[in-house]
Amino acid sequence: MNNLRFTIVADKEEQMRIGNELNEAFQQAHITNYDSQEDFEKSVKLYNCDFLIARETLVNKAFYTQLSPFLEITKIPLLVIRDAAGTQLFKNQVVRELIKDAGNNYLKQLPPLITQIVNEQLAVTGQSKILFLEDEEIDIKFIRRKFIKLNPQYECDVVSSIAELRKQVGEKKYDLIVSDFNLPDGTAFDSIAIAAEADIPIVIATGQGSEKTAVELMKSGAADYLIKDKNMGEHMLVLPSIVKSVLNYKKLEAYNSGLLDMLRIKNQDLERFAYIIAHDLRSPIASAVLLIDTLQMLGSNLEPDMQDIMASIKDVSHNITNTIEGIFQYTVLDSQADAFVKVDMTRAAEDALKNLETKVNECGAIVKIEAMPQIEANYVQMVQLFQNLMGNGIKYRGDKIPELTVRSFTQGNEQVFAVSDNGIGIAKENHKKIFEIFSRLHNSASKYEGVGMGLTIVKRIMERHNGRIWVESDLGMGTTFLVAFKAVA
Ligand code: ADP
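Conventions adopted
Starting from 1, residues in each chain are numbered consecutively following that chain's sequence as written. Local features are withheld for residues below a pLDDT of 70 in this predicted model, meaning they are given only at 70 or higher, and side-chain atom pairs are given and counted only at 80 or more; totals for whole chains, interfaces and linings count all residues. The helix and strand labels rest on DSSP assignments: H or I over at least four residues marks a helix, E over at least two residues marks a strand, and numbering proceeds from the N terminus. Every radius of gyration here is taken over C-alpha atoms, with the globule rule written as 2.2 Å times N^0.38, N being the number of residues. Counting other C-beta atoms within 10 Å of its own, a residue is labelled buried from 20 upward, exposed at 12 or fewer, and partly exposed in the gap between, with every C-beta atom placed from the backbone. Once C-beta atoms are placed from the backbone, any two residues with those atoms within 7 Å are in contact. Pairing between two strands requires that DSSP report at least two bridges joining them. Lines fitted to the C-alpha atoms define the axes, with helices restricted to the stretch that makes contact. Angles between their N-to-C directions range from 0 to 180 degrees. For every residue, the predictor assigns a confidence score, pLDDT, that lies between 0 and 100. Each residue gets a C-beta atom placed from its backbone. If that atom is within 6 Å of a molecule or strand, the residue is near it. Each residue is assigned to one of three groups, with Ala, Val, Leu, Ile, Met, Phe, Trp, Tyr, Cys and Pro labelled nonpolar, Asp, Glu, Lys and Arg labelled charged, and all others, Gly among them, labelled polar. Read the arc as the range of directions from the helix axis to the C-beta atoms. As annotated, the domain borders come from an automatic or database domain assignment. For classification purposes, angles smaller than 35 degrees are called roughly parallel, those larger than 145 roughly antiparallel, those between 65 and 115 roughly perpendicular, and all remaining angles oblique. By convention in this section, buried Ala, Val, Leu, Ile, Met, Phe, Trp, Tyr and Cys residues joined through C-beta atoms within 7 Å make up a nonpolar core.

## What to know about the overall build of the protein
And then number 1: If you tally the helices and strands in the protein, you get 14 helices and 19 strands.
And then number 2: Computed over its C-alpha atoms, the radius of gyration of the protein comes to 34 Å, more than 25% above the 23 Å expected for a compact globule of 489 residues.
And then number 3: With the C-alpha coordinates of the protein rotated into their principal frame, the extents come out at 100 × 60 × 40 Å.
And then number 4: The buried share of the protein, reckoned over its 489 residues, is 29%.
And then number 5: Residue pairs at least 24 apart in sequence account for 66% of intrachain contacts in the protein once pairs closer than 6 positions are excluded.

## Digging into the sheet that holds strand β5 (residues 95-99)
And then number 1: On the basis of which strands lie adjacent, the open sheet formed by 5 strands has the order β2-β1-β3-β4-β5 and parallel pairing. Both outer strands of the open sheet, β2 (30-34) and β5, are each paired with one neighbouring strand and no more. Averaged over all pairs of adjacent strands, the angle between their axes in this sheet comes to 20°, without regard to strand direction.
And then number 2: Where strand β1 (residues 5-9) meets β2, 5 bridges bridge the pair, whose relative direction is parallel. Bridging from a neighbouring strand, Val9 pairs with Tyr34 of β2.

## So, the confidence of the model for the protein
And then number 1: For the protein, per-residue confidence averages 87 on the pLDDT scale, and 94% of positions sit at 70 or higher.
And then number 2: When the elements of the protein are averaged for pLDDT, helix α2 (residues 37-43) gives the smallest value, 70, and strand β14 (residues 366-369) the largest, 98.

## Notes on the environment of Gln168
And then number 1: Position of Gln168 among the secondary structure elements: in helix α6 (residues 162-171).
And then number 2: Sequence separation between Gln168 and Phe481 is 313 residues, and the spatial gap between their C-alpha atoms is 62 Å.

## Points about the site of the ligand
And then number 1: Surrounding the ligand, one finds 21 residues, the nearest of these being Asn392, Leu441, Gly450, Gly454 and Leu455.
And then number 2: No other element matches helix α14 (residues 454-464), which puts 3 residues into the shell around the ligand.
And then number 3: The residue makeup of the shell around the ligand, split by class, is 8 nonpolar, 11 polar and 2 charged.

## Describing helix α7 (residues 188-198)
And then number 1: The set of residues buried in α7 consists of Ala188, Ser191, Ile192, Ile194 and Ala195. Down the axis of α7, the buried side of the element spans an arc of 165°, and every buried residue falls inside it.
And then number 2: Elements that come into contact with the buried residues of α7 comprise β6 (128-133), α6, β8 (176-180), β10 (186-187), β11 (202-206) and α8 (211-219).

## Examining the environment of Ala418
And then number 1: Relative to the assigned elements, Ala418 resides in strand β17 (residues 414-421).
And then number 2: Residue class for Ala418 comes out partly exposed when judged on the 18 C-beta atoms lying within 10 Å of it.
And then number 3: Placed 347 residues apart in sequence, Ala418 and Leu71 show a C-alpha to C-alpha distance of 51 Å.
And then number 4: Setting aside residues no more than four positions away along its own chain, Ala418 makes contact with Arg407, Thr480 and Leu482.

## A look at the domain arrangement of the protein
And then number 1: What the domain assignment reports for the protein is domain 1 (5-125), domain 2 (128-233), domain 3 (254-331) and domain 4 (336-489).
And then number 2: On a C-alpha basis, the centres of domain 1 and domain 3 stand 55 Å from each other.

## Focus on the packing of α6 against α7
And then number 1: Taken N-terminus to C-terminus, the directions of α6 and α7 make an angle of 10°; their axes are 10 Å apart at the nearest point. Relative to α7, the element α6 is oriented roughly parallel. The segment α6 lies against α7, with Ile162, Leu165, Arg166 and Val169 engaging Asp190, Ser191, Ile194 and Ala198.
And then number 2: Taken together, the residues of the contact of α6 with α7 break down into 5 nonpolar, 1 polar and 2 charged.

## Here's the deal with the sheet that holds β11
And then number 1: Here we have 5 strands laid out as an open sheet, ordered β7-β6-β8-β11-β12, and parallel in their pairing. Two strands in the sheet have a free side with no partner beyond their single neighbour: β7 (154-159) and β12 (224-227). With strand direction ignored, the average angle separating the axes of adjacent strands in the sheet is 20°.
And then number 2: Pairing of β11 with β12, which is carried by 4 bridges, proceeds in the parallel orientation. Considered in β12, the bridge of Ala205 is made with Leu226.
And then number 3: On the sheet, α6 packs against β6 and β7 and is oriented at approximately 140° with respect to β7.

## Re the nonpolar core
And then number 1: Among the nonpolar cores identified, the biggest contains 35 residues, and Met345, Ala348, Ala349, Ala352, Met382, Phe386 and Met390 are the most heavily contacted of them.
And then number 2: The dominant element in this core, judged by the number of residues it contributes, is helix α13 (residues 379-395), at 6 residues.
And then number 3: When near neighbours in sequence (up to four residues on either side) are disregarded, Met390 contacts Ala352, Leu353, Leu356, Val367, Leu404, Val406 and Val419.

## Details of the pairing of β11
And then number 1: Burial within β11 is extensive, with 5 of its 5 residues counted as buried.
And then number 2: Neither face of β11 is exposed, since Ile202, Ile204 and Thr206 on one face and Val203 and Ala205 on the opposite face are all buried.
And then number 3: Relative to β11, β8 runs parallel, the two sharing 4 bridges. Within β11, the position partnered with Ile177 by the bridge is Ile202.

## Brief notes about unusual backbone geometry
And then number 1: Positive phi values are uncommon outside glycine, yet Gln28 reaches one of about 50°.
And then number 2: Owing to 12 C-beta atoms within 10 Å, Gln28 belongs among the exposed residues under this scheme.
And then number 3: Positioned with a positive phi, Phe438 is a non-glycine residue whose angle comes to about 60°.
And then number 4: If you trace the backbone, Phe438 turns up in the loop between β17 and α14.

Set out below in structure tokens:
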């Protein structure tokens, strides 16, 4: 077995001992040494490594946990050298252990163990398949002599034209293509197009002095490039490292997109779950509130203590109703398709005000809605947005008669809408916190009723509109909530 790339994390002396052993046992072993875990973490370039060897004393569990998914995906084996046998350190197929002994006999066990592990991995993962596209005789010779022969872990084929490449890719599933730049029936840009169609990573071999072309190639989708050494074929020696990194990168990419898909599904499940809970709890809670009302009416001659308890039960039930209503509104947002239409924001604010009529009349609030422009948005959500912000402006009024202004202005490429009040204000340190779900600056015993969902809903609406929300306020200074939408070109 030759051309293996080792990464060793151990102290200097041990690095030497292991290094000597590896160099003796494996032809052209490439060894990268790290003295400590920190050193390794800082500079680690594991993409092109075949085998990782680490001293138990230098690899702690936290580090391993961090590294583990990477090793699992890339199937890079990790051999931990331990001082003494004990409970298995890490439960993992890719991690093996070797027990160190006083006479350093363990070193002799290293090469056969490594060979065995690499072969086992190969049996599991199968050989990666590489297709070379090269038309010049001398380069084909280099490929055969300096890559294929030395890297039996890869199954390699060679074709010499774009037409053959197209045919071959259709017949066999390759993990990587390595293409020359100039070909009898086209250039590497054609190879890149074919590779992209078949979703195979591609590395291009270009002539010296063509770094600029290399950049163009990378831009159009090549995974990497290789500058050819026409006389000696020395470039073939760096190819294994490039091959390894491209293959590992591809695996990690697939893993990442798998994780994202999983996350998306989990989020959908969660939203669906919250929706069902909120939806199904709405009517039993409403019935309970109704029963409590009836009970209160029937029991008007009850002891004062009992009446107090009844009143508390009613308060609690109201709170539950409001919470459920909030969760319901929030989850409904996510189950709605975003049908954006031209929305007259003045009308949306006026509709919101109508919904708040009782509250406005209760305290004699003065609300001024200025003329505002139209934007592309979801109408129902815009009404809800204004309703929540204006509702808060009225609610958190302190001792004053609330005065609210709703207006709009442009700022850069954004259309901003602002709802200002003359109420109690919000301390600067709470400007972030208030947007979190169930976050309130007043407890339920205070005169301000609420469950802490209003602003969470507004923030979610803004996320769905690709916009942002922030607050300008300080204690006793009144509050302005601002929402900004990107102007459509
Ligand atoms: P809720 O009003 O149900 O508590 P919100 O999410 O709407 O929930 O608001 C979160 C918190 O932010 C409120 O509890 C309140 O402390 C503060 N807040 C929101 N709007 C205002 C405002 N206009 N003036 C002062 N404080 C506000």
